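Summary of structural features
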Amino acid sequence: MGGGGWFYVPKTWSPAGGWWVNPKAAKPNTAIAFGIISIVCMGIFKVSAEKERRPIAPAWHIPSQRWCKHAKEDDPSLP
């Protein structure tokens, strides 16, 4: 009736490391991955803010106008 002991685990290969994986460098690798993703997202944000244009002034305030490079040119009613 015991709950311990051997149980079946299929012999499969996985790119993530298989069953109950705990690599030595999991935390540093995760930090590095998040760092790279953050840098890429900041670059995309910067390029997007520089290229954003509004040929027709919006009827209400849009939050991205705070950091948009051409917001004052495109919408003269901004403070």
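Attention here is on the structure that accompanies the text. It should be emphasised that the depicted structure is a prediction, and the values quoted were computed from it without experimental measurement. (Residues numbered from 1 in each chain as written. Predicted model: local features only at pLDDT ≥ 70, side-chain atom pairs only at ≥ 80, totals over all residues. Heavy atoms only, no water.)

So, on to the overall build of the protein. Within the protein, the secondary structure is distributed over two helices and zero strands. The proportion of buried residues among the 79 residues of the protein is 13%. Across the protein, contacts joining residues at least 24 apart in sequence account for 0% of those joining residues at least 6 apart. Roughly 7,300 Å² of accessible area belongs to the protein as shown, and the carbon and sulfur atoms make up 68% of that amount. (Helix = DSSP H or I, 4+ residues; strand = E, 2+ residues; numbered from the N terminus. Buried < 20%, exposed > 50% of the residue type's maximum accessible area, 1.4 Å probe, protein only. Contact = heavy atoms within 4.5 Å. Areas by Shrake-Rupley, 256 points an atom, 1.4 Å probe, with all protein chains shown as cover.)

We now examine the packing of aromatic side chains. For any pair of aromatic rings, geometry is given as the distance between the ring centres together with the angle between the planes. If you walk through the whole model with that rule in mind, you get one aromatic pair. Their ring planes at 50° and their centres at 5.5 Å tell us that Phe-45 and Trp-67 sit as a pair that is tilted. Taken together, the positions of Phe-45 in helix 1 (residues 26-51) and Trp-67 in the loop between helix 1 and helix 2 (71-74) put the pair 22 residues apart, joining distant regions of the chain. Judged by its relative accessible area of 41%, Trp-67 is partly exposed. (Phe/Tyr/Trp six-rings, centres within 6.5 Å; stacked < 30°, edge-to-face > 60°.)

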